[in-house]
Amino acid sequence: MRIAILADIHGNALALEAVMRDLAAQAPDFTVNLGDCLSGPLWPRETADLLMAQDWPTVRGNHDRWVSEQARSDMIGSDAFAYDAVDASHREWLRALPVNLRRGECLMFHARPDDDNAYLLESVNDQGEMALAAPTDIESRLSGHRATLVLCGHSHLPRVTKVGDALIVNPGSVGAPGYVDPTPPRPHVSQAGSPHARYAIATLARGAWTVDLRAIPYDWDRAAAQAERLGRPEWARALATGFVR
């Protein structure tokens, strides 16, 4: 069995198209999408149309929830841009996405099983950066959910982590390789260190999982120019370099 794992596309249709071309060559048995699909100063409508046509198993991320459920008057930044760019059918698609999915021994969610806006594998350190959390913390955050393969996103950092019987995979971000989160009490940054579109393939053979973390080139300068044109220079820097500092 081969599972392709995507997460955190954030409206980057160019990056998604590059990943889809690579997927065609990889020919996985099925593809899953771990959410945060549209929010970003890029191409939300085009991304929504691509994803809805694929009909991949998809879970709802925190930004998907905000774009589809918040009042427009409460939105700012990327969520507001995405809301204005899409129509009611796109928002209804987001609203209908499940929080968790399970397929056999594979458990899928956006961030944590019980919280779509909290990191599973990372903790924020005193320098405002994300470090790998302690195994006991990760185990506690799983909140009793058990599976041999656990798939999550949210941090935009590709990782393969073994905790107890669970192999936990974060594929990284398809479309947003870095961001600044100013939220108190611990503002922090995430930065992948390169502008590539990230995804993963997990392969089950002879009872064991092998994980391929893939970094796909695409026209990230064009994506950065789109963010710059829309008045988001911090997005432009991250898209062009994979760094925010």
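Just above sits the structure.
Residues numbered from 1 in each chain as written. Predicted model: local features only at pLDDT ≥ 70, side-chain atom pairs only at ≥ 80, totals over all residues. Heavy atoms only, no water.

A. Representation of the pattern of salt bridges. One pass over the full model with this rule turns up twelve salt bridges. The partner of R146 in a salt bridge is E139, with the nearest N and O atoms 2.4 Å apart. On the accessibility criterion, R146 (52% relative accessible area) is exposed. E139 gets classed as partly exposed once you look at its relative accessible area, which sits at 29%. Residue R214 is joined to D212 by a salt bridge in which the shortest nitrogen-to-oxygen separation is 2.8 Å. On the basis of relative accessible area, R214 is assigned to the buried category, the value being 19%. Residue classification places D212 among the partly exposed residues on the basis of a relative accessible area of 32%. (Salt bridge = Lys/Arg side-chain N within 4 Å of Asp/Glu carboxyl O. Buried < 20%, exposed > 50% of the residue type's maximum accessible area, 1.4 Å probe, protein only.)

B. Region of interest: the sheet that holds strand β12 (residues 197–205). The strand order β2-β1-β12-β13 describes an open sheet built from four strands, whose pairing is mixed. Where the open sheet ends on each side, the last strands, each with one partner, are β2 (30–33) and β13 (208–216). Taken over all neighbouring pairs, the strand axes of this sheet differ in orientation by 20° on average, direction set aside. Where strand β1 (residues 2–6) and β12 come together, four bridges link them in antiparallel fashion. Bridge pairing in β12 links R2 to T203. (Pairing = 2+ DSSP bridges. Helix = DSSP H or I, 4+ residues; strand = E, 2+ residues; numbered from the N terminus. Axes fitted to C-alpha atoms, helices over the stretch in contact; angles between N-to-C directions.)

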